[in-house]
Structures are given as structure tokens and as C-alpha cells.
Amino acid sequence: MRRELITIILLWILSGLVNRVYLPKLAKASDGVIFFNDFEQNSVGIYTEESLMSDWNQPIIENGIVDGRVAIVEGEEALEGKSLRISYPVGAVGPGGGGAQWRMPLFMSYEELYCSYWIKFGKGFDFVKGGKIPGFTGGTGNTGGFIPDGTDGWSARMMWRPKGQVVQYVYHPDQLDMWGQDFFWSLGGQRFFRPGTWHKVEQRIKMNTPGKRDGIIEAWFDGEQALKIVNMCFRDIPELAIDGFYFSTFFGGNDSSWASTKDEHVYFDRFIISTQRIGDL
């Protein structure tokens, strides 16, 4: 752990990225935490590109920030203190129509990682057919119908489905459909997002041994295990691993049947990425 922490610090220094946000993250490294963001350092209002770059390790921005769909809120909207709010205008569909996306590099490759965050769908939220929410990626982070071939990349975001069903949405070499594969969070009963309620989600990805289907996806919903898959194949080569976190959220799908029926909001808070189970952190 000490060697890993020193490596992370040196990489950040060399990249010119050590700043006011990373210091509290490093203080938690003894617990296995390699990334932490609760937005308390941000000003209330529109979330700026400068803040995004500082908070998320200089990510690749895809959409949502310059469009003004991302904001910092406080008070009754927030989990506690301040939270991140994403907006989806009426009729929004697909990654360019509403919500926001950015890809955060981890600067190291990992064989196994956990991530957790808090999420709340606005009161009266209409889930329609579904939409995307964040998760881990590796390599090219395949999405959008680009089926992984075992050597390029993979992704394991989450989705909400009709009525708020919780799903792990995975792009992997064994998928049967070009649009990824759903793994429902249904261990012990299907889990649902409830509008107006904060939920904590936690995910674990463990890479498979190349040539074997022994990769693992586990998930916990409000502290209870909701998913366990133990025969995943993410890769065929050892160089491919977990090296990114994809903040990705939008309605869709990519046709009007997925579109938001009214202006909607989803709230996020307390993102943690760790080499160990996060639990109550």
C-alpha cells in the first residue's frame, strides 16, 4: 500500500495535478481509497469546466458541462452539505441530448476495484425505458454498440430501467447483443430506485484471468448485496485492466421512445473508488 501511494503521488506531481482536491483523497489512502469527491469544496451554482478538471483528475469531457446541465446544489436537494445535480430537459435522449458524460483516468491499472456513490432521482421522476449512470471502464471503454473483442476495452456502467429497476450494464466479449448486456440487481429480490430517495450503490469489478471466465462483478444496494456474477470475461490479454471511471448519465437508448417526458434531475454525491470493500465509508 505504501509503495502504491508513493507511486500515485509521483504520478500526480509529474502531471501537475496535485491541488486542493487531491489532498483529502490522499489522507484516506490507508483505507484503500484512491479517489474521493463529496463536492464540499465547490461553489453552489453551475459546475464549471475548471471545477470538473480539478475534481476528476483532468477527465475527457464529452458533454453536459458547457451545456450548463451540471450544477452544485445545497439545502433540501443535497445529501448533506452540497451535492451534484444533473439536468435532463424534456425530450432528452441519447448522450448528446441531456445529462452529462466525462471519462476520468485512474493513472494506474488495477486488477480489482470497488466504487460507490449516492444517487437520488428527483421527485416524480419518470424512468421511461431507462438510462445510464456511472461505472468502471478499461482500455477503450467500449460503449455505443462497439462490442469488445477481448483486446480493445470493456465497460461496466449501471442503468435504471422501467419503474426504476437497477441494472449493471456491461460491454464484454461474450455479450449476445451489440448494445451491451443487462445484469439485474436481483439477488434476494429486484432492487428499484425510488424517486425522491437517496440510495447508496457500490460495485466491485475483478478482472478475469486471460483465457478463463473467472472475472467477478458484485454489487450492493443500500448496503445489501444485490448482484454476484463470477464467470465474466472482460479480456483476453493481461494488459487490459481497470483504468478509468466513466461518469455517464442520459436517457437512452437513442430514439424518441427513450426520451424524458418532462424536465428531470438526478443527484449524485460522495464518490469513492477503493482497492477494498467500501461499505459504510
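Given the structure is predicted, the values throughout are model-derived calculations rather than measurements.

**Some remarks on the overall build of the protein**
Logical step 1: Along the protein, the regular secondary structure elements total three helices and 16 strands.
Logical step 2: A total of 281 residues make up the protein; the buried ones form 53% of that total.
Logical step 3: Expressed as a percentage of contacts within the protein between residues at least 6 apart in sequence, the contacts between residues at least 24 apart total 70%.
Logical step 4: Carbon together with sulfur atoms contributes 53% to the accessible area of the protein, which is approximately 11,700 Å² in total.

**A closer look at unusual backbone geometry**
Logical step 1: In this structure, the amide linkage connecting G252 to the following residue, G253, adopts the cis form with an omega of -5°.
Logical step 2: The residue G253 is located in the loop between β15 (242–251) and β16 (264–274) in this model.
Logical step 3: One non-glycine residue, K163, lies in the positive phi region at around 65°.
Logical step 4: Along the polypeptide, K163 turns up in the loop between β9 (153–160) and β10 (166–171).
Logical step 5: You will see that D222, though not glycine, has its phi angle at about 50°, which is positive.

**Quick notes on the sheet that holds β15**
Sheets are built from strands that pair by backbone hydrogen bonding, the pairs being arranged parallel or antiparallel.
Logical step 1: The strand order across the open sheet built from seven strands is β3-β6-β15-β8-β9-β10-β11, with neighbouring strands paired in antiparallel fashion. In this open sheet, the two edge strands, each paired with only one partner strand, are β3 (60–63) and β11 (181–184). Strand-to-strand, the axes of this sheet are offset by a mean angle of 20°, without reference to chain direction.
Logical step 2: Note that strand β8 (residues 131–139) and β9 share seven bridges and pair antiparallel.

**Side note on the pattern of salt bridges**
Logical step 1: In this structure the tally under the stated criterion is eleven salt bridges.
Logical step 2: Measuring nitrogen to oxygen at the nearest pair gives 3.7 Å for the salt bridge that ties R191 to E224. Here the residue R191 occupies a position in the loop between β11 and β12 (198–206), and E224 occupies one in strand β14 (residues 224–232), the gap between them amounting to 33 residues.
Logical step 3: Salt bridges sharing common partners tie together E112, R204 and E218.

**Digging into the pairing of strand β1 (residues 33–37)**
Logical step 1: The element β1 is extensively covered by neighbouring structure, given that five of its five residues are classed as buried.
Logical step 2: As paired elements, β1 and β16 share four bridges and run antiparallel to each other. Bridged to F35 within β16 is I273.

**Digging into the side chain of R204**
Logical step 1: Assignment of secondary structure puts R204 in strand β12.
Logical step 2: You can call R204 buried: its relative accessible area is 12%.
Logical step 3: Among the polar contacts listed, one links the side chain of R204 to the side chain of Y114, at a separation of 3.5 Å.
Logical step 4: Among the polar contacts made by the side chain of R204, one reaches the side chain of E218 at a distance of 2.6 Å.

**Some thoughts on the side chain of T137**
Logical step 1: Positionally, T137 belongs in strand β8.
Logical step 2: The class for T137 is buried, based on a relative accessible area of 7%.
Logical step 3: When residues no more than four places from it in sequence are discounted, the contact partners of T137 are W154, S155, A241, I242, D243, G244, F245 and Y246.

**What about the environment of T143?**
Logical step 1: Inspection of the secondary structure assignment puts T143 in the loop between β8 and β9.
Logical step 2: For T143, a relative accessible area of 15% corresponds to the buried category.
Logical step 3: The spacing of T143 and A156 is 13 residues in sequence and 9.3 Å in space, taken between C-alpha atoms.
Logical step 4: Apart from residues lying up to four places away in sequence, T143 is in contact with R103, S155, R157, Y171 and Y246.

**Quick look at the packing of aromatic side chains**
Each pair of aromatic rings is reported with the distance of its centres and the angle of its planes.
Logical step 1: One pass over the full model with this rule turns up 31 aromatic pairs.
Logical step 2: Taking 5.3 Å as the distance between ring centres and 80° as the angle between the ring planes, the aromatic pair formed by F121 and W160 counts as edge-to-face. Here W160 lies in strand β9 and F121 lies in strand β7 (residues 112–121), a separation of 39 residues in the sequence.
Logical step 3: Residue class for F121 comes out buried when judged on its relative accessible area of 0%.

**Thoughts on a nonpolar patch on the surface**
Logical step 1: Among the surface-exposed residues, I147, M178 and W179 lie close enough to one another that they form a single nonpolar patch of about 280 Å² accessible area.
Logical step 2: With respect to the helices and strands, the residue W179 is situated in the loop between β10 and β11.

Parameters and conventions
- Residues numbered from 1 in each chain as written.
- Predicted model: local features only at pLDDT ≥ 70, side-chain atom pairs only at ≥ 80, totals over all residues.
- Heavy atoms only, no water.
- Helix = DSSP H or I, 4+ residues; strand = E, 2+ residues; numbered from the N terminus.
- Buried < 20%, exposed > 50% of the residue type's maximum accessible area, 1.4 Å probe, protein only.
- Contact = heavy atoms within 4.5 Å.
- Areas by Shrake-Rupley, 256 points an atom, 1.4 Å probe, with all protein chains shown as cover.
- Pairing = 2+ DSSP bridges.
- Axes fitted to C-alpha atoms, helices over the stretch in contact; angles between N-to-C directions.
- Salt bridge = Lys/Arg side-chain N within 4 Å of Asp/Glu carboxyl O.
- Polar contact = N/O pair within 3.5 Å; in protein donor to acceptor, adjacent residues only side chain to side chain.
- Phe/Tyr/Trp six-rings, centres within 6.5 Å; stacked < 30°, edge-to-face > 60°.
- Patch = residues over 30% accessible without salt bridge, like charges linked within 9 Å, V, L, I, M, F, W, Y side chains within 5 Å.

Geometry only, nothing functional implied.
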